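Topology and contacts: notes
Here's the letter readout for the chains.
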Amino acid sequence: MIELGIVDALHELPAKTTQDNLAKMIKAAQEANAKVLLVAAPLPDNFCPTQQKQFQAFFQSAAAEYKTGYAPLLPEASTHQAALLQDAIHPNAKAQPLILSSLWPALKSLLK
């Protein structure tokens, strides 16, 4: 499972740098014969909806290009509920069942 990019976005790293780093990680994992699941965590609420959608699309595009699994960290309806976060970014204990329900189907399909 590979999930990255939120810290890059918060530090305003160029998207190209994050994309290149993700590609390197995917290729390294695939060269080691690992099955890859890309996990897209939502950007914090201080990013505009357009940026948030572009960030999710970035992972979906990489999954298609490198033929990996893909899953959002949390279902879209719950991604910005303050009750599920311990701060503006990190999920709390209440979010864990939602994370499981979001990731497990994609992870299970890779384990077959």
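Residues numbered from 1 in each chain as written. Predicted model: local features only at pLDDT ≥ 70, side-chain atom pairs only at ≥ 80, totals over all residues. Heavy atoms only, no water.

1. Considering the packing of aromatic side chains
Geometry of an aromatic ring pair is reported as the spacing of the ring centres plus the angle between the planes. Scanning the model with the defined rule gives three aromatic pairs in all. Seen from their ring centres, F55 and F58 are 6.2 Å apart, and the 35 degrees between their planes marks the pair as tilted. With F55 and F58 both in helix α3 (residues 49-66) and three residues apart, the pair spans about one turn of that helix. Classification of F55 as buried rests on a relative accessible area of 9%. (Phe/Tyr/Trp six-rings, centres within 6.5 Å; stacked < 30°, edge-to-face > 60°. Helix = DSSP H or I, 4+ residues; strand = E, 2+ residues; numbered from the N terminus. Buried < 20%, exposed > 50% of the residue type's maximum accessible area, 1.4 Å probe, protein only.)

2. Notes on unusual backbone geometry
The phi torsion at E12 lies on the positive side, around 55 degrees, for a residue other than glycine. Of note, E12 is situated in the loop between α1 (6-10) and α2 (15-31). Overall, E12 belongs to the exposed group, its relative accessible area being 72%.

3. Concerning the pairing of strand β2 (residues 69-72)
A regular strand carries its side chains on alternate faces of the sheet. Of the two faces of β2, the one holding G69 and A71 is buried and the one holding Y70 and P72 is not buried anywhere. As defined by bridge partners, strand β1 (residues 37-40) adjoins β2 across four bridges and the pair is classed as parallel. Among the inter-strand pairings, L38 is bridged to a residue of β2, identified as Y70. Read from β1 through α3 to β2, the crossover connection turns out right-handed. (Pairing = 2+ DSSP bridges. Right-handed = clockwise from strand over helix to strand, strands pointing away.)

4. A look at α3
The end-to-end C-alpha separation of α3 is 26 Å, in line with the 26 Å expected for 18 residues at 1.5 Å each. Restricting attention to buried positions, one finds in α3 the residues Q52, F55, Q56, F58, F59, A62, A63 and Y66. For α3, the angular spread of buried residues about the axis comes to 135 degrees, placing them on one side. Away from the buried face of α3 by more than 90 degrees, exposed residues P49, K53, Q54, A64 and E65 are located. Those residues of α3 that are buried lie in contact with α1, α2, β1 and β2. (Expected span 1.5 Å × (residues − 1). Arc of directions from axis to C-beta. Contact = heavy atoms within 4.5 Å.)

All we've got here are geometric facts, nothing functional implied.
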